[in-house]
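# Structural overview
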Amino acid sequence: MAEPQPKPRELPYVAAITEGVRTVMQEQPDAFVAGEDVAEAGGVYGYYNGILKEFGPDRVFDTPISEEGIVGLGVGAAATGCRPIIDVMFMDFMGECMDEIANQLAKMRYMFGGRATLPVTILSMAGAGASLAAQHSQSLEAWICHLPGLKVVMACTPYDAKGLIISAARDDNPVIVVLNKMSLAMMGPVPEESYTVPIGEANLVRSGSNYTIISYGRMVHEALAAATQLEKLGIDAEVIDLRSLQPLDSDAIVASVKKTHRAMIVHEAVRFGGFGGEITAQIQELAFDYLDAPVARVGAPFSPVPFSPVLEATYVPNADRIVAEAKQQLGL
Amino acid sequence: MSSEITDDILLDIHRRMVRIRTFEERAGKMMEDGKIPGALHLYVGQEAIASAVMVHLSNEDYITGTHRGHGHLIAKGGEFTYMFAELYGKATGYCKGKGGSMHISNLDLGMLGANGIVGGGPPIAMGAAFSCKFRKTKNVSISFFGDGASNEGAFHEAANMAALYKLPCVFICENNGYGEYTPQANHQAIVDVADRAPGYGMPGVVVDGMDAVAVYEAAGEAIARAREGGGPTLLECKTYRYYDHVGVRGMGLSYRTDEEVEQWRLKDPIVNFEARLAEQGVLSPEAAQAIHEEVLKEVEAGIEFAEASPDPDPAAVTEDVYA
C-alpha cells in the first residue's frame, strides 16, 4: 500500500524570502547581500534573519542609509564579476536611487553595445495597508517597468517569493523583485529544495469561462475573493497573476481574453498612468474584435497613500470594489 | 611612498597626453564640421591628469570617466579606430554606435564608461572597488569626476561608503573651475574640494593638475595605499578646460574671460612637460615633434576607419537591451 503523501511544508511569505536569499547565497559564490539593516538586524521585516550568521560579514553587510550608493555599489560590482543582491528597504526609496537604477543599471548594457552584463537582483518592499502613510506604502512598479533593460517581478505567494528570487539571481539581467509587506505572514507551500519560478510567464490561478481578471502582487488574492463573489452573479472569472511585468506575458492575457471576451485589470498602484493602462492598450491592440465590453481597471485613487486606517481602507482596492466595478462594466 | 619616475614613464605619460590632445583637437573639428553627430565635451587642457594616473594602472584596474571622458579612455589604452567609429555612431565603434561620446567605454580595458550623468560614476567606481576587495584581487578602482560632481549626493554617498569599507578606490577630482558654465565660486563655498576628504575619513590631497609629474606622484601614493588595503584617497587636481563645457569655442564667452584662458594656457601640460623633458635630455624637441606626427597619423587612420565603417543595422535598435 502506498504511503500517504505528506502534507507539503508551509512557510510564511517572510520565511520564503529568507529561504530564497539563502539558496542564492549557497548556489552562487559571487553573490552578496548589501542594504540598510540587512546584516546585524536581519532586515526591518526580518527576512534576512540568519543570513549574516550563515554567510559571514564579507558577504552580508549593512550599508549607510545611502540608496544611490547602495545601488551604485551593485552596478559597479556586477559589471566587474559579482552577482549582488541589493536591498532597497521600501520601494518608496527608489526616488533616492533612481539615477543609478534608471540611468546606470538599466542602460549600461545597451550604452556599451551589449558588452556589459549586470546580474543585479534588487529586493524591495511595496504596498499599503499598514498605516505607514504616503512615503512607505506605494506601489511604484510603473516607474520601473517603463525602463528598458530592467526586469520586474512581483511575488504574491510564499512559493513565488522564493522561486522568483532564485530566478532573479540566476538571470544575467538586472531584476527588481517587488515584495509585499502585507503578505509577510501569509502561509503557503514552499518546497525545501531549490526551484525557480520562470520570469516572463503569467500564472493562471483560477480558470473561468466568461471573464478575465488580470492582476499581480497582493491584489491577486482580492481578485480571487472577488471571483468567488462574482460566481453568484453568473460570472465565471478567470484570474491571471502576471508575476512578471517586464517581460510581460502578453500571450497569456490575449489567450484568456479571446476565450472570455471581457477583462478587468486590478492593481494596487494609482490607477491613472498605472501599469493597467499598458495592459488595456495591448488587449485592444491584440484582441479588439474579441471584446464584448470595455476593459475595466481597478486601482488606487489619484491621491498619495493616506495614513488614517479609515482613509487607507478606502484607498486600497479590495474584492468588493472589484465586484462593484465588474457590475458597472457589465451593466449588472 | 613616492614612485620613482623613470625616463620610460615620462615618455609614456607624454605619449598618452599627445594622443589625447591630438584626438580631441581633431574630434572637435569633426563635430564643428558636422561629421560627428551630437555633442562632445573635450578634455583639452586636462591631459596631464588621465595620462599620469593611468600609467599606474593595468587593464584589470577599473576607472569610471565623466561626460568629458575621451581622455580617460585614451589614457587607459583606447584605440582611435574604435573610438572614432563610436563618435561617428558606426557599428564598429566600441559600443556599436549605441553609446557615443558620453557613454564610450571598454570593459576589456577596465574602463567602465564615460557618463552622461554628472556624479553617476563615483558610486559605480566604488562598487568596482568593492568587487576588487570581494574577489580578493589587488586591483584598484578610480573615479574621475569634476568640481561640479562634487556637489552631487551620489559622490558623497560613494565617498562615505568607500571610506567606511576601506575600499581600494581613489577619487580623482578634476577641478577645472567650472560646473558646466558656472564658476566654482558660484557653486560651492570651498576652494579645495579635497577639504571634504576628512569629513569622509580619508586623506585629501591637492596637486597642480597641469603638472603630470605632480599628478603621477600623488596618484602613485594614493593608488599604492589603496592596493595595500589602506582605503581611499580624494585627490584633487587643479586644471582647466581650454574649450567650452560642450563643443569647441573656448574664447569670447560671457562666463569667463579670454585673459583667464590665456593665463591657463601658459601652464599647458604638454608644452611645459616637453620643455622639461628636453631640459632633462629625455626627449628632444625633434623627437617630440616626431611623436606628434606619428600620433596624428594614428588619428587620421582612426577617422579613415570610422568613415569606411558601416552604420548600424536599423534592426539593432532593440538589440543589447537584455542579456
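Quick caveat: nothing in here was measured; it's all calculated off a predicted structure.

### Thoughts on the overall build of chain B
Helices and strands together make up the secondary structure of chain B, namely twelve helices and seven strands. At 19 Å, chain B has a C-alpha radius of gyration in line with the 20 Å of a compact globule built from 323 residues. Dimensions along the principal axes, computed over C-alpha positions, put chain B at roughly 55 × 50 × 40 Å. Counting across all 323 residues of chain B, residues that qualify as buried make up 59%. Taking contacts inside chain B between residues at least 6 apart in sequence as the whole, the part at least 24 apart equals 72%. Carbon and sulfur atoms make up 52% of the accessible area of chain B, which amounts to about 12100 Å² in all. Taking the average location of the 28 positive side-chain charges in chain B and that of its 46 negative ones, the two points are 4 Å from each other.

### What to know about empty space enclosed by the protein
Residue and element names in this part refer to chain A. Per the counting criterion, the structure on display carries four cavities of 30 Å³ or more. Reported here for the largest cavity is a volume of approximately 90 Å³. In terms of lining residues, the largest cavity is bounded by 16 residues, among which Ser 139, Met 154, Asn 180, Gly 217 and Arg 218 are the most central. With three residues, strand 7 (residues 175-180) is the largest single contributor of residues to the lining of the largest cavity. Residue composition of the lining of the largest cavity, grouped by class: nine nonpolar, four polar and three charged. Both domains that furnish three or more residues to the lining of the largest cavity are identified here as domain 1 (10-189) and domain 2 (203-330). Space inside the second largest cavity adds up to approximately 70 Å³.

### Considering the interface of chain A and chain B
The interface is formed by 44 residues belonging to chain A together with 38 residues belonging to chain B. Between chain A and chain B the total buried area reaches about 3200 Å² when both faces are included, carbon and sulfur atoms providing 63% of it. Contact with chain B buries area across many residues of chain A, yet A:Thr80, A:Tyr110 and A:Phe112 alone supply 21% of it, more than any other trio. On inspection of chain A and its partner chain B, the count reaches 17 residue pairs in polar contact (both at pLDDT 80 or more). No other element matches the ten residues that helix 3 (residues 67-79) of chain A contributes to the side of chain A that touches chain B.

### Let's talk about helix 4 (residues 80-87) of chain B
Residues and elements named next belong to chain B. For helix 4, the tally of buried residues reaches six of eight residues, placing the bulk of the element in the interior. Those residues of helix 4 that fall on the buried side of the exposure criterion are Phe 80, Met 83, Phe 84, Ala 85, Glu 86 and Leu 87. Tucked into the core, helix 4 has its buried residues touching helix 1 (7-32), helix 3 (70-75) and helix 12 (285-308). Looking one or two residues past helix 4, Gly 89 carries a phi angle of roughly 80°, positive in sign.

### Brief notes about the domain arrangement of chain A
Residues and elements named next belong to chain A. Entries for chain A in the domain assignment read domain 1 (10-189) and domain 2 (203-330). Placing the centre of domain 1 and that of domain 2 at their C-alpha centroids yields a distance of 26 Å. Buried surface at the junction of domain 1 and domain 2, summed over both partners, amounts to about 1900 Å²; 59% is from carbon and sulfur atoms. The tally of links from domain 1 across to domain 2 stands at one salt bridge. A salt bridge links Asp 160 to Arg 243, with the nearest nitrogen and oxygen atoms 3.7 Å apart. Inspection of the domain 1/domain 2 interface yields ten residue pairs in polar contact (both at pLDDT 80 or more). Breaking the side of domain 1 that touches domain 2 down by element, the ones donating at least two residues are helix 6 (141-145), strand 6 (151-154) and helix 7 (158-170). Per-element tally for the side of domain 1 that touches domain 2: the top contributor is strand 6, with four residues. Broken down by class, the residue content of the side of domain 1 that touches domain 2 amounts to 15 nonpolar, nine polar and three charged.

### Comments concerning the nonpolar core
Counting 86 residues, the largest nonpolar core has A:Ile101, A:Ile122, A:Ile144, A:Leu242, A:Ile283 and B:Phe171 as its most contacted members. In terms of domain composition, this core takes at least three residues from each of domain 1 (10-189) and domain 2 (203-330) of chain A. In terms of nonpolar packing, the next biggest core, distinct from the first, is built from 77 residues, B:Ile13, B:Leu42, B:Val248 and B:Leu277 among them.

### Comments concerning the pattern of salt bridges
Summed over the entire model, instances satisfying the criterion amount to 27 salt bridges over all chains. Of the charged contacts in the structure, one is a salt bridge between A:Arg218 and A:Glu268, with a shortest N-O distance of 4.0 Å. Note that A:Arg218 is positioned in the loop between strand 10 (211-215) and helix 8 (219-231) and A:Glu268 in strand 13 (residues 263-270), a separation of 50 residues in sequence. The two residues A:Arg218 and A:Glu268 agree in class, both being buried. In this structure, the salt-bridge partner of B:Glu298 is B:Arg19, at a minimum N-O distance of 2.6 Å. Note that B:Glu298 is positioned in helix 12 and B:Arg19 in helix 1, a separation of 279 residues in sequence. It is possible to trace a salt-bridge network through shared partners that takes in A:Arg9, A:Glu19 and A:Lys162.

Rules and cut-offs
- Going along each chain's sequence as written, the residues are numbered from 1 onward.
- Labels are handed out in written order, letters beginning with A for the chains and numbers beginning with 1 for the ligands.
- This being a predicted model, a pLDDT of at least 70 is required before a residue's local features are given, and a value of 80 or more before pairs of side-chain atoms are given or counted; all residues contribute to the totals for chains, interfaces and linings.
- Side-chain metrics in this entry use all non-hydrogen atoms of the structure; hydrogen atoms and water are not considered.
- The helix and strand labels rest on DSSP assignments: H or I over at least four residues marks a helix, E over at least two residues marks a strand, and numbering proceeds from the N terminus.
- We take the radius of gyration over the C-alpha atoms and set the globule estimate at 2.2 Å times the residue count to the 0.38 power.
- Any residue under 20% of the maximum accessible area for its type is buried, any over 50% is exposed, and the rest in between are partly exposed; the area is computed with a 1.4 Å probe on protein chains only.
- Any two residues whose heavy atoms approach within 4.5 Å are treated as being in contact.
- In this description, accessible areas are obtained by the Shrake-Rupley approach with a 1.4 Å probe, and a residue is regarded as covered only by the protein chains that are shown.
- His is not counted, nor are the chain ends, whereas Lys and Arg count as positive and Asp and Glu as negative.
- One atom stands in for each charge, and that atom is NZ of Lys, CZ of Arg, CG of Asp or CD of Glu.
- In this analysis a 1.4 Å probe is tested at points of a 1 Å grid over the protein atoms alone, and where it fits but cannot get out there is a cavity; an open set with protein on both sides within 12 Å along at least five of seven lines is a pocket; lining residues have an atom within 4 Å of a point.
- Grid points are joined across faces, edges and corners, and a volume is the space filled by probe spheres set on the points.
- Residues are grouped as follows: nonpolar covers Ala, Val, Leu, Ile, Met, Phe, Trp, Tyr, Cys and Pro; charged covers Asp, Glu, Lys and Arg; every other residue, Gly included, is treated as polar.
- Where each domain begins and ends is defined by an automated method or by a domain database.
- Put simply, buried area is how much 1.4 Å-probe accessible surface two parts lose in total, over both of them, once they are put together.
- Within 3.5 Å is the distance limit for a polar contact, defined as a pair of N or O atoms, with the added protein rule that one can donate a hydrogen and the other accept it, and that residues adjacent in sequence qualify only through two side-chain atoms.
- A pair is scored as a salt bridge if a Lys or Arg side-chain nitrogen falls within 4 Å of a carboxyl oxygen belonging to Asp or Glu.
- Buried Ala, Val, Leu, Ile, Met, Phe, Trp, Tyr and Cys residues that are joined via side-chain atoms within 4.5 Å together make up what is termed a nonpolar core.

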